[in-house]
Amino acid sequence: MSAKGNDFGAIYGGKNYDFFATLLGFGHSFYEKAASEMPLEKGMKVLDLGCGTASLDLEIEEKMEHTGKVFGIDLSNNQLNYAHSKIKEMSDEITLYKGTMDELPFKDMVFDMVVTSVAFCETNAEVRRSAIKEASRVLASSGHFVLIDCTRPRVSLTSVMMLPFFMFKTNEDNWNNVYVEICSENSMKLERETYLKPYIRCQIFKKEN
Ligand SMILES: C[S@@+](CC[C@H](N)C(=O)[O-])C[C@H]1O[C@@H](n2cnc3c(N)ncnc32)[C@H](O)[C@@H]1O
């Protein structure tokens, strides 16, 4: 565990991450659904905060019909090493960086979209707030910020089955949906929200200026 978040070491990182994630319902169809909710267009430049093993990045490129550029940033060597092996054939479309989401190595207003998937729940409140500020800084005017994370579950059988997972992964921010206000303070207004699973919310914000 780094001071900036859970950096998925040897046991839970890399190939093992994909195995366990698929078991928990975060396999190919989850990322396909996530990408289908995003207002993606051909040729966009997209940044993924806490990209992990790049499963979402591959789907985003697929949805842009391999015409865009995706940049991923993650704390974990294990996740990034395995991600590199997955994106080998698409290394001119997807670029990965080691780093933390609250200190982005990019200039202002250079991305059409910033996304993050189940990574905010692996950081702390201070990092999450700075990451939102950074997302707004690097987003072009009218660009979108897509925030996918664990949330207060809707009542369903799968939510009950996932209860032990929530005990570790939810936090006050997600539970109380504070992101609408924090994003608004950073010039990003909520445009739409949907649930990818009863306990995974996808919020789409638009940058105003
Ligand atoms: C549960 S995984 C999700 C990975 C990927 N987004 C997905 O949907 O498959 C969370 C990821 O966030 C990364 N992470 C945690 N804190 C971070 C931070 N401060 N900056 C960048 N990445 C971080 C971890 O290393 C891990 O790969």
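Just so it is clear, the model here is predicted, and its values are computed rather than measured.

What the protein chain contains, in helices and strands, is nine helices and seven strands. For 209 residues, the compact-globule estimate of 2.2 N^0.38 gives 17 Å, and the protein chain sits close to it at 16 Å. Reported as C-alpha extents along the three principal axes, the dimensions of the protein chain are approximately 40 × 40 × 30 Å. Expressed as a percentage of its 209 residues, the buried residues of the protein chain come to 52%. Entry remark: accessible area of the protein chain is about 10,000 Å², with carbon and sulfur atoms responsible for 54%.

Turning to empty space enclosed by the protein, a few remarks are in order. Tallying each qualifying case throughout the model produces one cavity of 30 Å³ or more. If you add up the space inside the largest cavity, you get close to 40 Å³. What lines the largest cavity is simply Leu-147, Asp-149, Cys-150, Thr-151, Asn-174, Tyr-179, Arg-201 and Gln-203. At the level of secondary structure, the elements contributing two or more residues to the lining of the largest cavity comprise β5 (139–150) and β7 (200–207). Broken down by element, the lining of the largest cavity gets its largest block of residues, three residues, from β5. The class makeup of the residues in the lining of the largest cavity is three nonpolar, three polar and two charged.

Before going further, it helps to spend a moment on the site of the ligand. Taken together, 23 residues sit near the ligand, with Tyr-31, Gly-50, Asp-74, Gln-79 and Ser-117 positioned nearest. Measuring from an oxygen atom of the ligand, one finds a side-chain N or O atom of Gln-79 at 3.0 Å. The fraction of the free accessible surface of the ligand (600 Å²) that becomes covered by protein chains is 99%. Its residues assigned to classes, the shell around the ligand shows nine nonpolar, ten polar and four charged.

A word on the nonpolar core. Among the nonpolar cores identified, the biggest contains 35 residues, and Met-38, Val-46, Ile-60 and Ile-148 are the most heavily contacted of them. If you list the elements that add at least two residues to this core, you get α2 (28–37), α3 (55–63), α4 (77–86), β3 (94–98), β4 (111–117), β5 and β7. If one sorts the elements of this core by residue count, α2 sits on top with four residues. Residues in contact with Val-46, not counting those within four places in the same chain, are Leu-40, Ile-60, Met-64, Lys-69, Val-70, Phe-71, Phe-111, Met-113 and Val-115. Core analysis: the next-biggest nonpolar cluster, separate from the first, contains 24 residues, Ile-132, Ala-135, Val-138 and Tyr-179 among them.

Definitions and limits used
- Residues numbered from 1 in each chain as written.
- Predicted model: local features only at pLDDT ≥ 70, side-chain atom pairs only at ≥ 80, totals over all residues.
- Heavy atoms only, no water.
- Helix = DSSP H or I, 4+ residues; strand = E, 2+ residues; numbered from the N terminus.
- Rg over C-alpha atoms; globule rule 2.2 N^0.38 Å.
- Buried < 20%, exposed > 50% of the residue type's maximum accessible area, 1.4 Å probe, protein only.
- Areas by Shrake-Rupley, 256 points an atom, 1.4 Å probe, with all protein chains shown as cover.
- 1 Å grid on protein atoms, 1.4 Å probe; cavity = no way out; pocket = protein on both sides within 12 Å on 5 of 7 lines; lining within 4 Å.
- Points joined across faces, edges and corners; volume = space filled by probe spheres on them.
- Nonpolar A, V, L, I, M, F, W, Y, C, P; charged D, E, K, R; others polar.
- Near = heavy atom within 4 Å.
- Polar contact = N/O pair within 3.5 Å; in protein donor to acceptor, adjacent residues only side chain to side chain.
- Core = buried A, V, L, I, M, F, W, Y, C linked by side-chain atoms within 4.5 Å.
- Contact = heavy atoms within 4.5 Å.

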